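# Architecture at a glance
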Amino acid sequence: MKKTLSRAKKFQGRPRIPGDKSISHRGLILGALAAGTSEVVDILEGEDVQSTARCLKELGVGISKIGNRTLIEGIGERGFLTPKNVLDCGNSGTTMRVMMGVLAGRDLTATLTGDASLVKRPMKRVSEPLMKMGAQFKLTQDNFAPLTVTGTQLHAVDYELKIASAQIKTAILMAALCADGATKITGEIGSRDHTERLLPHFGCAIEVSDQSIRLRGGQKLKANKVEVPSDPSTAAFWIGAASLIPGSVLELENISLNPTRIGFIYALQKMGASIEIKIVKELPEPVGTVRVLAAQLRGIKITKEQVPSLIDELPLLAVLATQAHGVTEVRGAEELRVKESDRIEMVATNLRAMGIEIETFDDGFKIIGPQKLTGAEIQSDHDHRIAMAFSVAALVADQETVIHDAECVAVSYPRFYETLEELIQS
Ligand code: S3P
């Protein structure tokens with residue numbers, strides 16, 4: 001599907017933002033492992049989360065929906081069923097990587113695969129730590145899906161994470177649940193911490209400090225209810241648009257304000273954006289309101305330490321940088337090259353198509369603003385965040401912009417274009 005967009009004269013409203021993708025995956029998975037029936041309220045309806053639900057159902061987990069409540073009949077002591085079919089993780093890296101950890105210590109053999117993008121993404125980063133725990137994996141060309149896991153008894157390890165990835169961290173923690181002994185993770189543990197916050201919510205003790213995470217194997221999870229707040233990475237597109245379009249007023253409620261997730265808001269505030277956040281509830285996840293007014297932005301430098309807290313928002317930040325005064329430089333973000341697309345390449349190609357000068361590095365990019373955005377044909381490479389970031393660019397560009405493969409937004413935000421129409425016609 002192609003979507004044609006042009007400059008927005010107005011941008012205003014109080015859109016309801018869909019549920020957080022990361023918390024939705026984890027709610028389903030921890031509910032599936034627990035004894036009893038768990039409930040996930042306001043789960044994200046996007047395709048990625050449906051991929052996790054599909055895999056869990058294939059493993060014999062009962063999942064049903066009543067209105068906005070998703071009920072999960074956890075396996076408890078019973079164990080998973082051996083799947084009859086290949087587990088199709090679709091476009092979802094979180095599904096595949098976290099399920100690798102979930103299955104490594106279970107009594108079954110399963111094959112996981114995904115769409116054309118997912119089978120090109122690196123998986124050895126997950127199998128490697130899990131194999132140190134005794135897990136058995138066979139990967140395509142030693143790094144990719146389709147991959148097969150044969151469950152086995154796992155042993156606790158001390159593992160130093162080299163990549164600040166919540167997917168790898170979560171996979172190790174899921175495997176650690178089945179391992180004998182206590183697993184300790186050190187190194188780059190500062191990525192999003194939803195798993196660490198939710199495990200105690202499901203009755204599992206976990207020790208977390210700035211330096212390490214420690215989890216004792218053999219603990220049994222107990223069913224619980226998870227209320228999913230709205231996704232800050234999804235809200236980011238409207239926060240960015242409101243900052244750019246003169247006269248905008250945007251008010252958002254029930255947004256996850258977990259500090260490991262809102263580096264984008266902090267970065268924008270430093271760029272001169274007018275964003276007020278207010279936390280209204282702290283546990284198990286900080287949640288609150290966000291109010292945004294349009295503002296004149298200035299360039300910013302983003303360093304490696306900041307990257308994990310805004311990794312998914314960096315394509316959008318590049319769009320904002322084109323309208324900010326001065327230099328914006330992002331470094332230490334080489335992970336962008338192995339997301340749903342090579343996001344450094346896709347950002348550069350599409351910004352250049354819109355008339356922007358951008359310098360790229362292995363680990364980031366540099367843009368000197370402000371520059372004039374001109375409507376263009378945008379190739380999203382089926383990457384939801386590229387399609388949405390360039391939809392925001394289209395709202396401040398001269399002439400029409402056409403987003404190709406625009407339907408890919410359904411991975412995280414099925415109603416993205418409907419909500420966009422509502423906000424610009426407010
Ligand atoms: C996610 C972690 C991030 C993020 C992805 C969701 C998660 O990936 O980009 O969209 O839910 O754990 P990495 O952990 O690989 O950085």
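Relevant structure appears above.
Cut-off values and rules
- Residues numbered from 1 in each chain as written.
- Predicted model: local features only at pLDDT ≥ 70, side-chain atom pairs only at ≥ 80, totals over all residues.
- Heavy atoms only, no water.
- Near = heavy atom within 4 Å.
- Polar contact = N/O pair within 3.5 Å; in protein donor to acceptor, adjacent residues only side chain to side chain.
- Areas by Shrake-Rupley, 256 points an atom, 1.4 Å probe, with all protein chains shown as cover.
- 1 Å grid on protein atoms, 1.4 Å probe; cavity = no way out; pocket = protein on both sides within 12 Å on 5 of 7 lines; lining within 4 Å.
- Sits in = over half its atoms within 2 Å of the grid points.
- Helix = DSSP H or I, 4+ residues; strand = E, 2+ residues; numbered from the N terminus.
- Nonpolar A, V, L, I, M, F, W, Y, C, P; charged D, E, K, R; others polar.
- Phe/Tyr/Trp six-rings, centres within 6.5 Å; stacked < 30°, edge-to-face > 60°.
- Buried < 20%, exposed > 50% of the residue type's maximum accessible area, 1.4 Å probe, protein only.
- Lys NZ or Arg CZ within 6 Å of the ring centre and 35° of its normal.
- Points joined across faces, edges and corners; volume = space filled by probe spheres on them.
- Expected span 1.5 Å × (residues − 1).
- Contact = heavy atoms within 4.5 Å.

## Here we look at the site of the ligand
The ligand sits among K21, S22, R26, T94, S165, A166, Q167, R192, D312 and K339. For the ligand, an oxygen atom lies 2.6 Å from a polar atom in the side chain of R26. One of the side-chain N or O atoms of D312 is found 2.7 Å from an oxygen atom in the ligand. Across the complex, the protein chains shield 95% of the 390 Å² of accessible surface that the ligand would expose by itself. Mapping the ligand onto the cavity grids shows that it belongs to the largest pocket. Mapped by element, the contributors of at least two residues to the shell around the ligand are helix 1 (21-33) and helix 5 (166-176). At three residues, helix 1 tops the list of elements feeding residues into the shell around the ligand. Per-class residue counts for the shell around the ligand are one nonpolar, four polar and five charged.

## Remarks on the packing of aromatic side chains
Counted according to the given criterion, the structure contains six aromatic pairs. Judged by centre distance (6.1 Å) and plane angle (45°), the ring pair of F11 and W238 falls under tilted. Placement of the pair is F11 in the loop between strand 1 (3-5) and strand 2 (12-13) and W238 in helix 7 (residues 232-244), with a sequence separation of 227 residues. On the basis of relative accessibility, which here comes to 0%, the residue W238 falls in the buried class. Each ring, one from W238 and one from Y413, has its centre 5.9 Å from the other, and the planes form 65°; the classification is edge-to-face. Within this pair, whereas W238 is found in helix 7, its partner Y413 is found in the loop between strand 23 (401-403) and helix 12 (416-424), the two being separated by 175 residues in sequence. Relative accessible area serves as the criterion here: at 2%, Y413 is assigned to the buried category. Linked through ring pairs, F11, F237, W238, Y413, F416 and Y417 together constitute an aromatic cluster. Its end group placed over the ring of F361, R331 keeps NZ or CZ at 3.8 Å from the ring centre.

## Observations concerning empty space enclosed by the protein
All chains considered together, the criterion is met by one cavity of 30 Å³ or more. The calculated volume of the largest cavity comes to roughly 30 Å³. Looking at the largest cavity, the residues that line it are P232, S233, A236, R261, I262, F264, I265 and E313. Elements with a minimum of two residues in the lining of the largest cavity: helix 7 and helix 8 (263-270). Here the lining of the largest cavity takes three residues from helix 7, the largest share from any one element. Grouping the amino acids of the lining of the largest cavity by side-chain chemistry returns five nonpolar, one polar and two charged.

## Focus: helix 1
Here helix 1 spans 19 Å end to end across 13 residues, near enough to the 18 Å set by a 1.5 Å rise per residue. Most of helix 1 sits inside the fold, with 13 of its 13 residues counted as buried. Capping of helix 1 at its N-terminal end is provided by D20; its side-chain oxygen lies 3.1 Å from the backbone amide nitrogen of S22.

## Some details on helix 10 (residues 343-353)
When helix 10 is considered as a whole, its buried residues turn out to be R343, I344, M346, V347, A348, N350 and L351. For helix 10, the elements touching its buried residues are helix 9 (314-321), strand 20 (359-361), strand 21 (364-369), strand 22 (377-378) and helix 11 (384-394). Put simply, D342 is the residue that caps the front of helix 10, since its side-chain oxygen is 3.2 Å from the backbone nitrogen of I344. Taken from the residues just after helix 10, G355 is the one with a positive phi, measuring 90°.

By themselves, these are just geometric observations and shouldn't be taken as functional.
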